[in-house]
Amino acid sequence: MRIFSGIQPTGAKHLGNYIGAIRQYVATQEQGDAFFCIVDLHSITVEYDPSELRESTLSLAALLFAAGLDPERSTVFVQSHVPAHPEAAWLLGSVTSFGELRRMTQFKDKADAQEFVSAGLFSYPVLQAADILLYRTDIVPIGEDQRQHVELARDVAERFNARFGETLTIPKAVFPEVGARIMDLQEPERKMSTTGGTAQGTVLVLDPPDTIRKKFKTAVTDSGREVVRSPEKPGISNLIEIMAVARAEEPEAVEAHYDGQGYGAFKVDVGEAVVELFDPIRDAYEELRGDETELQRLLARGAEKARKASEPVLQEMYDRMGFVKAKTGRLFGAARPKRL
Ligand code: ATP
Ligand code: LTN
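Because the structure is a prediction, the values reported are computed rather than measured. (Residues numbered from 1 in each chain as written. Chains lettered and ligands numbered in written order. Predicted model: local features only at pLDDT ≥ 70, side-chain atom pairs only at ≥ 80, totals over all residues. Heavy atoms only, no water.)

Peer 1: Is there a simple way to explain unusual backbone geometry in this structure?
Peer 2: Trans is the common state for peptide bonds, and a negative phi is the common state for residues other than glycine. The phi dihedral of R136 falls on the positive side, at around 45 degrees, and the residue is not glycine. In this structure, R136 sits in the loop between α7 (119–133) and β4 (139–141). In this structure R136 comes out as partly exposed when scored by relative accessible area, which is 30%. For A248, which is not glycine, the phi torsion reads 55 degrees and is therefore positive. Residue classification places A248 among the exposed residues on the basis of a relative accessible area of 72%. (Helix = DSSP H or I, 4+ residues; strand = E, 2+ residues; numbered from the N terminus. Buried < 20%, exposed > 50% of the residue type's maximum accessible area, 1.4 Å probe, protein only.)

Peer 1: I would appreciate a short explanation of the environment of T293 in the present structure.
Peer 2: Residue placement: T293 occurs in helix α13 (residues 292–320). Residues T293 and V313, 20 residues apart in the sequence, show an inter-C-alpha distance of 31 Å.

Peer 1: Looking at this structure, I do not really get the pattern of salt bridges. What am I missing?
Peer 2: Where charged atoms from two side chains of opposite charge come close, those side chains can pair. According to the stated counting rule, one finds 22 salt bridges in the structure shown. A salt bridge links E252 to R229; the nearest nitrogen and oxygen atoms lie 3.1 Å apart. Remark: R229 occurs in the loop between α9 (209–217) and α10 (234–246) and E252 occurs in helix α11 (residues 251–257); sequence separation between them is 23 residues. With a closest N to O distance of 3.0 Å, E294 and R297 form a salt bridge. Here E294 pairs with R297, and both are found in helix α13, just 3 residues apart, close to one helical turn. By relative accessible area, E294 is classed as partly exposed at 27%. Overall, R297 belongs to the partly exposed group, its relative accessible area being 42%. One continuous salt-bridge network, built from bridges that share partners, spans R54, E55, R289 and E292. (Salt bridge = Lys/Arg side-chain N within 4 Å of Asp/Glu carboxyl O.)

Peer 1: For this particular structure, what's the right way to read the packing of aromatic side chains?
Peer 2: To describe a pair of aromatic rings, you give the distance between the ring centres and the angle between the ring planes. Enumeration according to the criterion identifies 11 aromatic pairs in this entry. Relative to F122, the ring of F98 has its centre 5.2 Å away and its plane inclined at 45 degrees; by these criteria the two rings are tilted. With F98 in helix α5 (residues 98–102) and F122 in helix α7, the pair connects residues that are 24 residues apart, well separated along the chain. Residue classification places F98 among the exposed residues on the basis of a relative accessible area of 53%. Overall, F122 belongs to the buried group, its relative accessible area being 17%. Three or more aromatic residues joined by ring pairs form one cluster here, namely F4, F35, F77 and Y135. (Phe/Tyr/Trp six-rings, centres within 6.5 Å; stacked < 30°, edge-to-face > 60°.)

Peer 1: Hey, could you run me through the site of ligand 1 in this one?
Peer 2: Near ligand 1 lie 22 residues; those nearest to it are K13, D145, I182, S193 and T195. Between ligand 1 and the protein, one listed contact pairs an oxygen atom with a side-chain N or O atom of K191 at 2.8 Å. Protein chains bury 95% of the 600 Å² of accessible surface belonging to ligand 1 in isolation. The greatest single-element share of the shell around ligand 1, amounting to 4 residues, is contributed by helix α1 (residues 15–28). Broken down by class, the residue content of the shell around ligand 1 amounts to 6 nonpolar, 11 polar and 5 charged. (Near = heavy atom within 4 Å. Polar contact = N/O pair within 3.5 Å; in protein donor to acceptor, adjacent residues only side chain to side chain. Areas by Shrake-Rupley, 256 points an atom, 1.4 Å probe, with all protein chains shown as cover. Nonpolar A, V, L, I, M, F, W, Y, C, P; charged D, E, K, R; others polar.)

Put into structure tokens, the structure is as follows:
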């Protein structure tokens, strides 16, 4: 089974990214042939600082390995190292409609937050479809917010196949059972995010332990004092899900454990559980980030494998679409007429 997912290097990685995505990558790498892509070409579609992109790319690579991606099992690579991605995106742009891109909620949300709305932000999901389809992907582990983008990739693949013949595999999104949408600790009606959330309500994987404890202690809870999940209790429901993941328990077990104990003690314990969850990751991260040569070596190897896997699919797309193949070698040998 082929597994593919992508994650942006810009924006510090937070608990939502860890629970919704990174933790799933680590679990799915056991199930098949996995590719995880650091999508730097997606990062440039909103305002960003070029002088920080290099650091954040290497930092994310170190974090992914630190969180448990095994370079012997998984192919971890940087999107811009594999030119097939933007090439395939251009081809797929012609089987994607303006109307469907306009309906993407991420585009609408991000565009509202930008002064300069780039054309790249609009066509972002086409590049994402290219990422996925170039690897004949069966499953895409993601958080809930990416559901619509994978739906689009499926539609685009189906349209391509209908128009040019069976070429692309139709991918399926997979979501974690608990924690597909982790909410901001201060504003639990919106998702945890470094771009759209609050600083105090966003727990970073690399936050110092005391910062993590403080963010949980000050987390917004709801009226009442029962530790149970309910639509009227978005704050507590979110904390229960986080606790369930951090302690590897069912949410029901967390509820039973805190039955009758009130919010205060619960919040302190969730903070502690997340500190324990991230402690070993932070240590491993620091060690790996210190060895830049090794990181670069792993990424170079990943890029090589990714190029090998994606190139034949790109070539098949060109063929099916009717492009003339560039001839290599002695182009006009014996058969060339003397005079034209
Ligand atoms: P941000 O919202 O912080 O800008 P993002 O979603 O735009 O992040 P990435 O860092 O590339 O961008 O996200 C990587 C993965 O993390 C995706 O699979 C996404 O679904 C998942 N993810 C992001 N936020 C959350 C969240 N709050 N809860 C669960 N999963 C999330
Ligand atoms: N848009 C995604 C990142 C992403 C991705 C992908 C996810 C880019 N290419 C391919 C899954 C598969 C996001 O989380 N912001």
